[in-house]
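Reading the structure
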2 protein chains.
Amino acid sequence: MTRELKALAGIKLFEGLPKAQLESLVEITLLKQVKVGETLFEAGQPGTHFYAVVSGKVRVYRSAPSGKEQILNVFGAGESFAEVPVFEGKTYPASAQALEDSVLVSIARKGFVDVLRREPELALGVMALLSGRLRAFVTQIAQLSLKEVPERLAGYLLLLRAAQNTDALTLDLPKGQIAAYLGTIPETLSRALKKLTDQGLIETSGNRVRVIDAEALAHLAEAGR
Amino acid sequence: MTRELKALAGIKLFEGLPKAQLESLVEITLLKQVKVGETLFEAGQPGTHFYAVVSGKVRVYRSAPSGKEQILNVFGAGESFAEVPVFEGKTYPASAQALEDSVLVSIARKGFVDVLRREPELALGVMALLSGRLRAFVTQIAQLSLKEVPERLAGYLLLLRAAQNTDALTLDLPKGQIAAYLGTIPETLSRALKKLTDQGLIETSGNRVRVIDAEALAHLAEAGR
DNA sequence: ACCCTGGTTTGACTTTAGTCATGGAACGCG
DNA sequence: CGCGTTCCATGACTAAAGTCAAACCAGGGT
């Protein structure tokens, strides 16, 4: 049981939760190992558990019949996902797949709701988490609808730059996945990178990108359609 | 004070809330009258209140510098909105504007959080509400990224059809607003309506649309890019 | 060292949707 | 009863991004 407890303790959402409650969560927790490419669940399936990443990386996405995919989120260690069906008791709104070999915990809906009733602070934490997700989606919707690909790319690079705190970025995902996150396809992403390079805003080599002119990037990212 | 209480009682989110708690909410509630076109708040402003619609209609949207707008949601009587900054304590992620003369209530963040601590069932209701919103956004993102305008339109018409429970639909918004909701512009919406009409799926006259071939519409809405 | 594979880039082309401009229909107001 | 404002439809054009196909490159395994 100790492994489960340690796994739960590493989840951001559960920071500050009294040990007693953590232990009661252990009882409804399952550790899960998945390999790269493995699908955790598909959009439309009934969802009775939610997940958190102990180690590894998972992407949440929707796909069209044609095969094109739109990534909604990428989750790493300490992050939880697939909360929606817990509170709605319906289906998963999107699909999830491991981007790397990963260790996950899955937590049953029912028991979790009980803990929420007893722990208002955790409940507030969940609300804040969901709100943050909403904010991110609002941004993503606005980007998809109001901005063109190079502008979305500029915004993404600036986010990476802020996260990595350097101008010498390492792309955190393969380019095809970044394309799917930006709502486009690899060919178009490739051309957008070329365009930014030609304009002297960045330099690229492999999965590394150097930000040359952050201000111009920011200005570009601001622009609207 | 009675008017405030009656207004609060009509909000879906507060259904089933004990009277005592409703009354404690009254103290942090403000009734607000707005005229058509009036802006309630703009994306980026610090948000310390959330709102509910007593009567009228409000749209929540993001706009690009160019003037193009993307509608995220349209709220009618009984619905609440702008919860995000309550739980995150930051800015409004989008702007809100009255589509009709409306009566709203605004509820202060701080007091509301206190009530949430005392009322786990309300807290669960909020989580369900936020989850439903997330689900809707996931759908919207998928539509924007994976479907073309006529397909999005088909999906929208089917939703209207389900809501109005008839094949003889009345558009609930001016077409320009529907365009902004679908992530396009009026001209393109106009052409999409024509296309569906030419294909014999619908007939239109003014703000009325008759669904002729619901099955074909559904099939179209399924299609992906 | 070689081959295979998957990811990436590039080019030519097509399609979709946005832009701009114009005209028409409907509604409200004097 | 007209007048104007707003909304909507249409046409001609442009621009953005997707499709298809081919070449390229890099790494892992043999």
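What counts as what
Position numbers for residues start from 1 in each chain and track the written sequence from start to end. To read the labels, note that chains go from A and ligands from 1, taken in the order they are written. Local features in this predicted model are restricted to residues whose pLDDT is 70 or higher, and side-chain atom pairs enter the listing and the counts only when it is 80 or higher, whereas totals over whole chains, interfaces and linings include all residues. Water and hydrogen atoms play no part in the side-chain values, which are based on all heavy atoms of the structure. When a carboxyl oxygen of Asp or Glu lies within 4 Å of a side-chain nitrogen of Lys or Arg, that pair is called a salt bridge. Only DSSP runs of H or I with at least four residues qualify as helices, and only runs of E with at least two residues qualify as strands; both kinds are numbered from the N terminus onward. Relative accessible area decides the class of each residue, using a 1.4 Å probe on protein chains only: under 20% of the type maximum gives buried, over 50% gives exposed, and in between gives partly exposed. Working rule for contacts: check all heavy atoms of both residues, and any pair within 4.5 Å makes them a contact. Using a 1.4 Å probe, buried area is obtained as the accessible area two parts lose upon being combined, added over both of them. Whether a residue is near a molecule or strand depends on its heavy atoms: it is near if one of them lies within 4 Å of it. We call two N or O atoms a polar contact when they sit within 3.5 Å, provided that within protein one can donate a hydrogen and the other can accept it, with sequence-adjacent residues counted only if both atoms are side-chain atoms. Gly is put with the polar residues, along with every residue not named as nonpolar or charged; the nonpolar set is Ala, Val, Leu, Ile, Met, Phe, Trp, Tyr, Cys and Pro, and the charged set is Asp, Glu, Lys and Arg. In this analysis an axis means a line fitted to C-alpha atoms, helices contributing only their contacting stretch, and an angle means the value between N-to-C directions, from 0 to 180 degrees. Geometric relationships in this document are graded by angle, where less than 35 degrees denotes roughly parallel, more than 145 denotes roughly antiparallel, 65 to 115 denotes roughly perpendicular, and other angles denote oblique. The hand of a helix crossing depends on one turn: near helix anticlockwise from the far one by less than a right angle means left-handed, and clockwise means right-handed.

**Regarding the pattern of salt bridges**
Residues and elements named next belong to chain A.
- Using the criterion set out here, one finds 14 salt bridges over all chains in the structure.
- Residues Glu-83 and Arg-133 are paired through a salt bridge, measuring 2.4 Å at the closest nitrogen-oxygen approach. Separated by 50 residues along the polypeptide, Glu-83 in the loop between strand 6 (80–81) and helix 3 (84–88) and Arg-133 in helix 5 (residues 120–146) bring together distant segments of the chain.
- A residue is classified by how much of its surface remains accessible, and Glu-83, at 5% relative accessible area, is buried.
- Its relative accessible area of 13% is what places Arg-133 among the buried residues.

**Considerations on the interface of chain A and chain B**
- Contacts between the two partners involve 47 residues from chain A and, on the opposite side, 47 residues from chain B.
- Note on chain A versus chain B: buried area summed over both sides is about 4000 Å², and carbon and sulfur give 72% of it.
- Among the residues of chain A in contact with chain B, A:Leu134, A:Arg135 and A:Ile141 are the three that bury the most area, contributing 18% of the side total.
- Residues B:Arg117 and A:Glu121 are paired through a salt bridge, measuring 2.3 Å at the closest nitrogen-oxygen approach.
- Secondary structure elements with two or more residues in the side of chain A that touches chain B: strand 4 (58–63), strand 5 (69–75), helix 3, helix 4 (109–118) and helix 5 of chain A.
- No other element matches the 22 residues that helix 5 of chain A contributes to the side of chain A that touches chain B.

**A word on the protein's contact with DNA strand D**
- Neighbouring DNA strand D are 17 residues; A:Val149, A:Thr184, A:Ile185, A:Thr188 and B:Lys175 lie closest to it.
- The share of sugar and phosphate among atoms of DNA strand D within 4 Å of the protein is 66%.
- A:Thr184 places a polar side-chain atom, nitrogen or oxygen, 2.4 Å from a phosphate oxygen of DNA strand D.
- At 3.4 Å from a phosphate oxygen of DNA strand D is found a side-chain nitrogen or oxygen belonging to B:Ser190.
- Among the elements of the structure, helix 6 (149–164) and helix 8 (186–198) of chain A together with helix 7 (175–182) and helix 8 (186–198) of chain B are those that each provide at least two residues to the surface near DNA strand D.
- Of the residues assigned to the surface near DNA strand D, the class counts are four nonpolar, five polar and eight charged.

**With respect to the packing of helix 6 of chain A against helix 9 (residues 214–222) of chain A**
All names here are of chain A.
- It is at 8 Å that the axes of helix 6 and helix 9 come closest, and there the two elements cross at 130°. It follows from the interaxial angle that helix 6 and helix 9 lie oblique. The element helix 6 and its partner helix 9 pack so that their crossing is left-handed. For the pair helix 6 and helix 9, contact is made by Pro-150, Glu-151, Ala-154, Gly-155, Leu-157, Leu-158 and Arg-161 and by Ala-214, Leu-217, Ala-218, Leu-220 and Ala-221, respectively.
- In terms of residue class, the contact of helix 6 with helix 9 is made up of nine nonpolar, one polar and two charged.

**A closer look at the side chain of B:Ser80**
- Tracing the sequence through the fold places B:Ser80 in strand 6 (residues 80–81).
- Setting aside residues no more than four positions away along its own chain, B:Ser80 makes contact with B:Leu13, B:Phe50, B:Tyr51, B:Ala52, B:Phe75, B:Leu129 and B:Arg133.

None of the figures reported here should be taken as evidence of function without further support.
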